[in-house]
Structures are given as C-alpha cells and as structure tokens.
Amino acid sequence: MFTWSTAAPAISAAFLASLVEVVEAFTIVLAVATLRGWRPAALGTAGALAVLGAIVLALGPLLDRVPLQLLQLVIGILLLLFGIGWLRKAALRAAGVVPLHDEDAIFAAETVHLGEEARRRRTSLDWIAGIAAFKAVLLEGLEVVFIVIAVGAGRGLLGAASLGALAACALVLVAGAIVHRPLSRVPENTLKFGVGVMLSAFGVFWTGEGLGIEWPGHDLALFLFAALFLAAGLLGSALARRAITEVAQ
Amino acid sequence: MTILKDVLAELVGMFLGDARLAAAILIVVALSAALIDVAGVEPLIGGGVLLVGCLSLVVESARRSGRRAAGS
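Residues numbered from 1 in each chain as written. Chains lettered and ligands numbered in written order. Predicted model: local features only at pLDDT ≥ 70, side-chain atom pairs only at ≥ 80, totals over all residues. Heavy atoms only, no water.

> Just to check I follow, could you spell out the overall build of chain B for this structure?
Scanning chain B from terminus to terminus reveals 3 helices and 0 strands. Put simply, chain B runs from its N terminus to its C terminus through helices and strands in the order α-α-α. Against the globule reference of 11 Å for 72 residues, chain B gives a C-alpha radius of gyration of 16 Å, more extended than a compact globule. Projected onto its principal axes, the C-alpha positions of chain B cover 50 × 35 × 15 Å. Here chain B holds 72 residues, and the buried ones make up 40% of them. Of the roughly 3900 Å² of accessible surface on chain B, a fraction of 69% belongs to carbon and sulfur atoms. (Helix = DSSP H or I, 4+ residues; strand = E, 2+ residues; numbered from the N terminus. Rg over C-alpha atoms; globule rule 2.2 N^0.38 Å. Buried < 20%, exposed > 50% of the residue type's maximum accessible area, 1.4 Å probe, protein only. Areas by Shrake-Rupley, 256 points an atom, 1.4 Å probe, with all protein chains shown as cover.)

See below:
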C-alpha cells in the first residue's frame, strides 16, 4: 500500500521525464516516417519497445532479490548522478550557456542525415530509416526505463511509475498525430529543470534511507528536498548567467 | 555493433556525463557514509552533509561551467 505523498512525486517524475524523452524520440521517428513512410518508422519503434520491455522483464525479478536497503542505496546514488547532471544542464540552458534543444532543427538535420547515410552506404533507405527509429526509441527509452525503475522500485511503485510513463507516451502520440510535426513548442528545458529537481530529491532521499537515515517527516521530506534543489538550480543558473554577462560587459 | 556501442555510450553518458561532477557526488556520498558508519555520528547529521553537499555541487558546477564558458 503506498501513500500519495510518495506516489505523487514518483508518478509525476516518471510522467515528466518520459514526456521529455518521448518528445525527443518522436522527432526522429517523425523524420523517418516523413522520409520513408510509417512502415519502417513503426517497425523500428516496435522493435525498440520490445527490447525495452525485455529489459524491464529481465530486471524486475532481479530487483526483487536485492535487499531493500542496498537497492535504495544503489538507486539513490544513480539518481544523484543522473538527476544532478540533468539539473546542471537545465540550469546552464536556462542561463544561455548551453543552447536549448531545438526539435525543428533536429528534425531537419535527421532528415538530411538519413538521405546522406543511404547514399554513402548504398543500402536500402527503408532499412536505414527503420534502424534510425529503432535507435532513437531505444536510447531515449533507456532513460525512461531507468527513471521508472529508480523512482518506483524502492517503495513498490513500479506499476504507478510505469503508468506515469505510459500516460506521457500516449499524450505525445496523440499530440503528434494531431499536429503531425515536431513538438517544438513543448517547454522542454522547463520540464528538464523540474525532472532534474525531482530526481535529485529522490536521489538524496533513497541514498539517505540506504545509509540508514530516517528522514524527519518521512516521505514529506521529499517535498522539502525538491524545494531546496529548485532553489539551488535557480541560484546556479543565475550565477552562470552573471559570469557570462560580466565577461560580455 | 554500432547500436551496442551507442547504447553503452548512452548509459555511460547518463550517469557520468560530467566526470568531475560525478566524482564529486560520489565523494559526498562516501563522506556521508563514513560519518555514519565509521565515525559513528548521528545518521541525521550524515544526511545533512549529503543534502548540503549535493545542493552545493549543483550551484558550484553550474557557476564553474558558466565561468568556463565566459572565459572561452
């Protein structure tokens, strides 16, 4: 039985992180579909989803055998490495140090790249297009799989976190089917900032529990950690922006 | 083989994209663990070190990257 104070951050972190990753994968799949039709795009996507499903099915029973405290410690450390990395990058993008992700530019570049690759290798363009869709979904999906396992495994919330990820997939597919172009208006960096904040908060929480710390307020401590990481991310972004402005003047 | 290489690169990049930041995070975790398990301090103090250490890393790594970008 889970409480909403734990489930809500886990589901929303899985949903938001998946939204970002699925939007990125969708851009490549759409480029493939635009160039060669939906058949190679759908085959590549289905193949990657099958591999990702196999990874989850293989990892699920293995995770059940790991003692809970060790699982929390390992996942907590991985979450810290992953979450703080995301938060740092989002803070730098917000400060203008790193360029923002441009889905329209990625779509155009991928379309050109696929054509060049087919000419260079003299292979069937359908095959290359299918492989491109497969790789995009597999690579972006790996991050989704990790996030779902990371925020869900420690408290028996795998099912709930998976639902959050599936809801994000469904939302992107519906939006993509309606607009039929790259979803460039999704506020990707804001989402990444939010996800980085949540994953970092989960990272401190799980790592601490893995080290035997009983956080005051239990699951509610997650909200305090998230608020502190949000403040740290905003402060880091402001300092990075100031460094650039000072040099420019 | 290229796909396998890309998958491995993706996995390494996910956790160790910035080697310096990753090393610093691991040092903070190790320090907290040592305080609790070796020095025998109150676990919550170790937790405080973990939290404050990670928050400081977010601020410092963003500030450092900003200065580096400004200098280049």
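Now that the structure is up, let's keep going.
> Quick question: what am I supposed to make of the pattern of salt bridges here?
Note that side chains of opposite charge can pair when their charged atoms are close. All names here are of chain B. Inspection of every chain in the model, using the stated rule, returns 4 salt bridges over all chains. For Glu60, the salt bridge is made with Arg63, and the minimal N-O distance between the two is 3.0 Å. Of the two residues, Glu60 and Arg63 both sit in helix H3 (residues 43–71), 3 residues apart, roughly one turn of that helix. (Salt bridge = Lys/Arg side-chain N within 4 Å of Asp/Glu carboxyl O.)

> Just to check I follow, could you spell out the nonpolar core for this structure?
Burial of nonpolar side chains together is a common tendency in soluble globular proteins. Among the nonpolar cores identified, the biggest contains 94 residues, and Val204 and Phe229 of chain A are the most heavily contacted of them. With near-sequence residues (within four places) excluded, Phe229 of chain A lies in contact with Ile84, Leu87, Val197, Ser200, Ala201 and Val204 of chain A together with Leu51, Cys54, Leu55 and Val58 of chain B. By size, the runner-up hydrophobic cluster in this structure holds 5 residues, among which are Leu92, Val97 and Ala240 of chain A together with Ala62 of chain B. (Core = buried A, V, L, I, M, F, W, Y, C linked by side-chain atoms within 4.5 Å. Contact = heavy atoms within 4.5 Å.)

> What should I look at first to understand the interface of chain A and chain B in this one?
Note: interface size is frequently given as the accessible area lost on complex formation between the parts. Tallying the contact residues gives 41 residues for chain A and 35 residues for chain B. Across the chain A/chain B interface, buried area totals approximately 3300 Å², and carbon plus sulfur atoms make up 85% of it. For the chain A face of the interface with chain B, the top three residues by lost area are Leu81, Arg88 and Leu211 of chain A, together amounting to 21%. The interface formed by chain A and chain B includes 2 salt bridges. Ionic pairing is found between Arg88 of chain A and Asp18 of chain B, a salt bridge with its closest N-O pair at 3.3 Å. Here the element with the most residues in the side of chain A that touches chain B is helix H8 (residues 221–248) of chain A; it accounts for 13 residues. Its residues placed into classes, the side of chain A that touches chain B shows 30 nonpolar, 7 polar and 4 charged. (Buried area = accessible area lost by both parts, 1.4 Å probe. Nonpolar A, V, L, I, M, F, W, Y, C, P; charged D, E, K, R; others polar.)

> Would you explain the side chain of Gln72 of chain A in this entry?
Residue and element names in this part refer to chain A. Inspection of the secondary structure assignment puts Gln72 in helix H3 (residues 68–95). Residue classification places Gln72 among the buried positions, given a relative accessible area of 6%. A polar side-chain atom of Gln72 sits 3.3 Å from a polar atom in the side chain of Glu209. (Polar contact = N/O pair within 3.5 Å; in protein donor to acceptor, adjacent residues only side chain to side chain.)

> Sorry, what's going on with the packing of aromatic side chains here?
Two aromatic rings, taken as a pair, are described by how far apart their centres are and by the angle between their planes. According to the stated counting rule, one finds 7 aromatic pairs over all chains in the structure shown. Measuring from centroid to centroid gives 5.5 Å for Phe82 of chain A and Trp86 of chain A, while their planes differ by 45°, and the two rings are tilted. Within this pair, Phe82 of chain A and its partner Trp86 of chain A are both found in helix H3, separated by 4 residues, close to a single helical turn. For Phe82 of chain A, a relative accessible area of 1% gives the class buried. By relative accessible area, which is 11% here, Trp86 of chain A ends up buried. Look at Phe205 of chain A and Trp206 of chain A: their rings are 5.5 Å apart centre to centre, the planes differ by 65°, and that puts the pair in the edge-to-face class. Residue classification places Phe205 of chain A among the buried residues on the basis of a relative accessible area of 1%. Connected via pairs of aromatic rings, a cluster forms that spans Phe82, Trp86 and Phe146 of chain A together with Phe15 of chain B. (Phe/Tyr/Trp six-rings, centres within 6.5 Å; stacked < 30°, edge-to-face > 60°.)

> Sorry, what's going on with the packing of H3 of chain A against helix H2 (residues 19–37) of chain B here?
Contact geometry for H3 of chain A and H2 of chain B: axes closest at 10 Å, N-to-C directions at 135°. Taken together, H3 of chain A and H2 of chain B sit at an angle that is classed as oblique. H2 of chain B is crossed by H3 of chain A, and the crossing has right-handed handedness. Only Leu21, Ala22, Ile25, Leu26 and Val29 of chain B of H2 of chain B make contact with H3 of chain A, whose side of the interface consists of Ile77, Leu80, Leu81, Ile84, Gly85 and Arg88 of chain A. Across the contact of H3 of chain A with H2 of chain B, the residue classes break down as 9 nonpolar, 1 polar and 1 charged. (Axes fitted to C-alpha atoms, helices over the stretch in contact; angles between N-to-C directions. Parallel < 35°, antiparallel > 145°, perpendicular 65-115°, else oblique. Left-handed = near helix turned anticlockwise from the far one by under 90°.)

> Where do I start with the confidence of the model for chain A in this structure?
Of all residues in chain A, 93% attain a pLDDT of 70 or more, and the chain-wide mean is 84. Across chain A, element-level confidence peaks in H3 of chain A with a mean pLDDT of 92 and bottoms out in helix H4 (residues 103–121) of chain A with 73. (pLDDT = per-residue confidence, 0-100.)

> So what exactly am I meant to see when it comes to a nonpolar patch on the surface here?
Residues Val174, Ile178 and Val179 of chain A make up a contiguous nonpolar surface patch of about 290 Å² in total accessible area. Summarising the element assignment, Ile178 of chain A is placed in helix H6 (residues 158–179). (Patch = residues over 30% accessible without salt bridge, like charges linked within 9 Å, V, L, I, M, F, W, Y side chains within 5 Å.)

> Looking at this structure, I do not really get the side chain of Ser18 of chain A. What am I missing?
Residues and elements named next belong to chain A. Within the secondary structure, Ser18 sits in helix H1 (residues 4–36). Under the relative-accessibility criterion, Ser18 is labelled buried at 1%. Among the polar contacts listed, one links the side chain of Ser18 to the backbone oxygen of Ala14, at a separation of 2.5 Å. If we ignore the near neighbours within four places in the chain, the residues touching Ser18 are Val144, Ala165 and Ala168.

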